[in-house]
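One-letter residues, chain by chain:
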Amino acid sequence: MHTSDSTGTASTTTQGPRLGHSMSPRQLTMMGLGSAIGAGLFIGSGAGIQAAGPAVLISYLVAGTLIIIVMWALGEMAAANPNSGAFSVYTGKALGGVAGATIGWLWWGQLVVVIAAEALGAAGLLATVFPVLPVWLMALVFMAVFTGINLTGVRNFGEFEFWFALLKVAAIVAFLLVGAALLLGWIPGVASPGLHHFAFDAGFAPHGMAGIATGLFVVAFAFGGTEIVSVAAAETRDPERSVARAVRTVVWRILVFYIGSIFVIAAVIPSDSPELKSPFAGVLDIAGLPGAAAVITLVAVVALLSALNANLYGASRMIFSLAERREAPRVLTALTKARVPAIAVASSVAFGFIATVLELLFPDHVLPLLLNFVGSTCLIVWGSALVSQIVLRRRADAEGTPLPLRMSGFPWLSGLGVVLLAAIFAVGLTGADSRVQLLSTFALVAVIALGSWLRRRSLGTQAEATKA
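Residues numbered from 1 in each chain as written. Predicted model: local features only at pLDDT ≥ 70, side-chain atom pairs only at ≥ 80, totals over all residues. Heavy atoms only, no water.

A. Structural view of the packing of helix 4 (residues 56-80) against helix 18 (residues 412-430). Put simply, helix 4 and helix 18 touch, their axes get as near as 9 Å, and they point 135 degrees apart. Compared by their axis directions, helix 4 and helix 18 come out oblique. Viewed along their axes, helix 4 and helix 18 form a crossing whose handedness is left-handed. When helix 4 is examined against helix 18, the residues Val62, Thr65, Leu66, Ile69 and Trp72 are found in contact with a partner set consisting of Leu413, Ser414, Leu416, Gly417, Leu420, Leu421 and Ile424. (Axes fitted to C-alpha atoms, helices over the stretch in contact; angles between N-to-C directions. Helix = DSSP H or I, 4+ residues; strand = E, 2+ residues; numbered from the N terminus. Parallel < 35°, antiparallel > 145°, perpendicular 65-115°, else oblique. Left-handed = near helix turned anticlockwise from the far one by under 90°. Contact = heavy atoms within 4.5 Å.)

Spelled out as structure tokens, the structure:
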């Protein structure tokens, strides 16, 4: 792999197996376009509107600004050093090996849990439309299928993710067109609600600033997943140009897809309506489209399976990178002829198979526990990315090292990202449920960091004994 340089942006390993570079730029771009379009938007957006009313648009703008800054920061580092360890490697270079390993294991653990939750969630949703197989068995089938896809090579993975993302994007575009027609009164026989819910009923911000703050913490997690683009950059042809293109799509994706969809939903459905449990289906039902609930449910299933596919890829590459840096067993670096880290894939998916068995034994209890366990780990990862970019950019500028992609507005935009993230943490600590999640995440980070420090100390002691 690449040798270390003074910018602190290169890989920490000098030898070892190499991943392929067969993912195309269009696949990476579409992955960046669709990575955050998941169940958090199709299903979870209703919770944000219930918390803040139409003023949740402010929450989305704040959280959207944060993730745009994070993606720009990651893009700068990924273009300089495309590495499957991505933000884990960058954190290690900026803040030390223990910090880098901690972020890597934290993100891997998060994805391992999320993979299981997405398989169970997709199976549960599909069962509401086609109750042919029990949830646990459908989840098992999903796990097996996507494990197979990830074992066949990154090109096949990228192609599946390309079409998954394209389907999600098409669904959002169709929804926005229907929503615009509904609000403009272009649908025959259906009265336009206009902006009535923004000005009347409960008003634009029925719960004031407290509701907007609560909505901010809720919607922040909807953007989780975008950081996987920096991981995939390592296996992409012409990563410098591909990463820049993928990062640019984040800006208009958030403005058009997220803000546009939430605007339509908040304008059409009152903030106290039970239809917010499935907000997209609620809007389509009001528009008079038959079978809307079934269609949007199937789209949400696709969104979850797409996220499962991407997260399994991301988890396997992260633990592969940890093994490269001797932060995990070296056996995880073994590659197949297709340059796929098969053992890393298997280790990343194992818990998902276990979770399907647990679902059989404890129906409807596994998914809520898994989602609560994941908590707020993505916020920690985003914070590490911002701090690492500030440190590495200053280091590169001080040494006169050219960067293929430079984040504009540095250091002010990076600083703004840190401030916004700190605000989300502060808001989270004020709520009972979110406080438990945050404190649990902090405790988990401390445990992982301690384990990494002890491992490094043990390896150092062994090395000294060998020399003696």
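B. Just empty space enclosed by the protein, in detail. Enumeration according to the criterion identifies two cavities of 30 Å³ or more in this entry. A volume near 40 Å³ is recorded for the second largest cavity. Along its surface, the second largest cavity is lined by Met71, Leu74, Gly75, Ala78, Val229, Ser230, Val243 and Val247. Of all the secondary-structure elements, those providing two or more residues to the lining of the second largest cavity are helix 4, helix 11 (228-232) and helix 12 (239-268). (1 Å grid on protein atoms, 1.4 Å probe; cavity = no way out; pocket = protein on both sides within 12 Å on 5 of 7 lines; lining within 4 Å. Points joined across faces, edges and corners; volume = space filled by probe spheres on them.)

C. Up close: helix 18. Here helix 18 spans 27 Å end to end across 19 residues, near enough to the 27 Å set by a 1.5 Å rise per residue. Among the residues of helix 18, those classed as buried are Ser414, Gly417, Leu420, Leu421, Ile424, Phe425, Val427 and Gly428. Projected down its long axis, helix 18 shows its buried positions confined to an angular sector of 165 degrees, all on one face. Helix 18 presents Trp412, Val419 and Thr430 as exposed residues on the side facing more than 90 degrees away from its buried surface. (Expected span 1.5 Å × (residues − 1). Buried < 20%, exposed > 50% of the residue type's maximum accessible area, 1.4 Å probe, protein only. Arc of directions from axis to C-beta.)

D. The packing of helix 6 (residues 97-129) against helix 14 (residues 292-324), seen in detail. Packing of helix 6 against helix 14 brings their axes to within 8 Å, and their N-to-C directions diverge by 155 degrees. Our classification of the angle between helix 6 and helix 14 gives roughly antiparallel. Classified by chirality, the crossing of helix 14 by helix 6 is left-handed. The residue inventory of the contact of helix 6 with helix 14, partitioned by class, reads 25 nonpolar, six polar and one charged. (Nonpolar A, V, L, I, M, F, W, Y, C, P; charged D, E, K, R; others polar.)

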